[in-house]
Number of protein chains: 2
Amino acid sequence: MSITIGEVTIGEAARLSGVKVNTIRFYEDRGLLPAPPRSDGNQRLYGDDHVARLRFIRHARDLGFPLPEVAELLDLAHRPEAPCDAADAIARRQLAEVQRRISQLQSLAGELERMIGFCAHDRVATCRILETLADHALCATDHHAGRDATSDVAIGTASHAGP
Amino acid sequence: MSITIGEVTIGEAARLSGVKVNTIRFYEDRGLLPAPPRSDGNQRLYGDDHVARLRFIRHARDLGFPLPEVAELLDLAHRPEAPCDAADAIARRQLAEVQRRISQLQSLAGELERMIGFCAHDRVATCRILETLADHALCATDHHAGRDATSDVAIGTASHAGP
DNA sequence: CTTGCAGCTACAGCGACTGTAGATGTTACG
DNA sequence: CGTAACATCTACAGTCGCTGTAGCTGCAAG
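Residues numbered from 1 in each chain as written. Chains lettered and ligands numbered in written order. Predicted model: local features only at pLDDT ≥ 70, side-chain atom pairs only at ≥ 80, totals over all residues. Heavy atoms only, no water.

Helix and strand content of chain A: six helices and zero strands. Element order for chain A, N to C, with α for helix and β for strand: α-α-α-α-α-α. Within chain A, the fraction of its 163 residues that count as buried is 42%. Restricting the contact set of chain A to residue pairs at least 6 apart, pairs at least 24 apart contribute 41%. Accessible area for chain A stands at about 8400 Å²; split by element, carbon and sulfur atoms hold 51% of it. (Helix = DSSP H or I, 4+ residues; strand = E, 2+ residues; numbered from the N terminus. Buried < 20%, exposed > 50% of the residue type's maximum accessible area, 1.4 Å probe, protein only. Contact = heavy atoms within 4.5 Å. Areas by Shrake-Rupley, 256 points an atom, 1.4 Å probe, with all protein chains shown as cover.)

Here the focus is the protein's contact with DNA strand C. Within the structure, DNA strand C sits among 20 residues, and N22 and R61 of chain A together with T9, R25 and R44 of chain B are positioned closest to it. Between DNA strand C and the protein, one listed contact pairs a phosphate oxygen with a backbone N or O atom of G41 of chain A at 3.5 Å. Considering each element in turn, the surface near DNA strand C owes the most residues, four residues, to helix 2 (residues 21-29) of chain A. The class makeup of the residues in the surface near DNA strand C is six nonpolar, nine polar and five charged. (Near = heavy atom within 4 Å. Polar contact = N/O pair within 3.5 Å; in protein donor to acceptor, adjacent residues only side chain to side chain. Nonpolar A, V, L, I, M, F, W, Y, C, P; charged D, E, K, R; others polar.)

What follows covers the packing of helix 1 (residues 10-17) of chain A against helix 3 (residues 48-62) of chain A. Residue and element names in this part refer to chain A. Remark: helix 1 packs on helix 3, axes separated minimally by 9 Å, with the N-to-C direction vectors making an angle of 45°. As judged from the angle between their axes, helix 1 and helix 3 are oblique. Where helix 1 crosses over helix 3, the handedness of that crossing is right-handed. Residues A13, L16 and S17 of helix 1 touch helix 3, and the partners they reach there are V51, L54, R55 and R58. (Axes fitted to C-alpha atoms, helices over the stretch in contact; angles between N-to-C directions. Parallel < 35°, antiparallel > 145°, perpendicular 65-115°, else oblique. Left-handed = near helix turned anticlockwise from the far one by under 90°.)

Residues and elements named next belong to chain A. Inspection of the entire model under this criterion finds two aromatic pairs over all chains. Judged by centre distance (5.9 Å) and plane angle (45°), the ring pair of F26 and Y27 falls under tilted. When its relative accessible area of 7% is taken as the criterion, Y27 is described as buried. (Phe/Tyr/Trp six-rings, centres within 6.5 Å; stacked < 30°, edge-to-face > 60°.)

As a matter of local geometry, DNA strand D sits amid 20 residues, with T9, R25 and R44 of chain A together with N22 and R61 of chain B nearest to it. Within the contact set of DNA strand D, a phosphate oxygen lies 2.9 Å away from a backbone nitrogen or oxygen of G11 of chain A. Here a phosphate oxygen of DNA strand D and a side-chain polar atom of Y27 of chain B are 3.0 Å apart. When the residues that make up the surface near DNA strand D are grouped by side-chain class, the tally is six nonpolar, nine polar and five charged.

Right, let's talk about the pattern of salt bridges for a bit. Tallied over the full model, the rule gives 14 salt bridges over all chains. With its nearest N and O atoms 2.9 Å apart, the salt bridge here joins D88 of chain A to R92 of chain A. Taken as a pair, D88 of chain A and R92 of chain A lie in helix 5 (residues 85-118) at a separation of four residues, close to a single helical turn. R100 of chain B is the salt-bridge partner of E97 of chain B, the closest N and O atoms lying 3.0 Å from each other. (Salt bridge = Lys/Arg side-chain N within 4 Å of Asp/Glu carboxyl O.)

This is the structure we're talking about:
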């Protein structure tokens, strides 16, 4: 018989996995997806296992795992007897990273909200948003510089002071 | 007189602004910072206005504004008579983007927490983390594909089905 | 006069793709 | 069977926002 069910082209694999065609080739190049057999006309032919692997990669990527960690997870996934501590560690590391990014973004959102709330919707000259950026610019690096910044510093296109 | 106070080298400007030397040159290249005058020995000489501008850029970048928007904000900042709606719009756009990223990351963290919570800390064969990735891999793209994925798909190195 | 750091230009590299050019393969229609 | 339209092939450039490097030159101190 030799029924090779589910052997699909790269385009079909892309459709089935939700990974773009170019990205599939990219993953192959990076060793995340083994090189598939080719047709007579040199076209890649993928089986269900490839497609499943692509979906695994896609999901892991959606969760924010960088490619090296995705590779690690894939590696673990096909060694069923290995202890799962490693996978746990990777997931926890990733969770910590994600939480770090969330709190970073939250303080950032808070500052943006404050900026927007203060905006008088008048002229740029009195715009709190730009003032905030300029003011913070002046004080944000006090730990770098001892010099007391004069408050009349222009943000404009630095016209160079004549010699 | 022609007292050109505060003319500093690039290294000093870096220290004062918190922007790295290479990054300052990069910003100049990208048109965010005007090319400063040079010394006899061809070295850049920055004034207070340049340093203030660098601090403005740095703060805007810290808030996550991409460079083109930073450029827009800088543009606005030195046109004091322009209405500040544009700055407001940029800030609001940025806030929306940040909030979008936060909620994305939060659902992501939720999923990671669920994965980790379910982990039996046994063998990979029963590891919920890897199963979650594989399972979701199988259902996550149902909207792409009509084909009902068989549940015995291996994630392992796609050994190609013989012809 | 030498030492050593700071600055100069120009370019390669990161991560994770995306998009393109130009050649070939495959398929549908007449 | 021909042809048109589309899919795939390889190979490489571009994206973003830097960072780091190599191999120079400038400059202040001892």
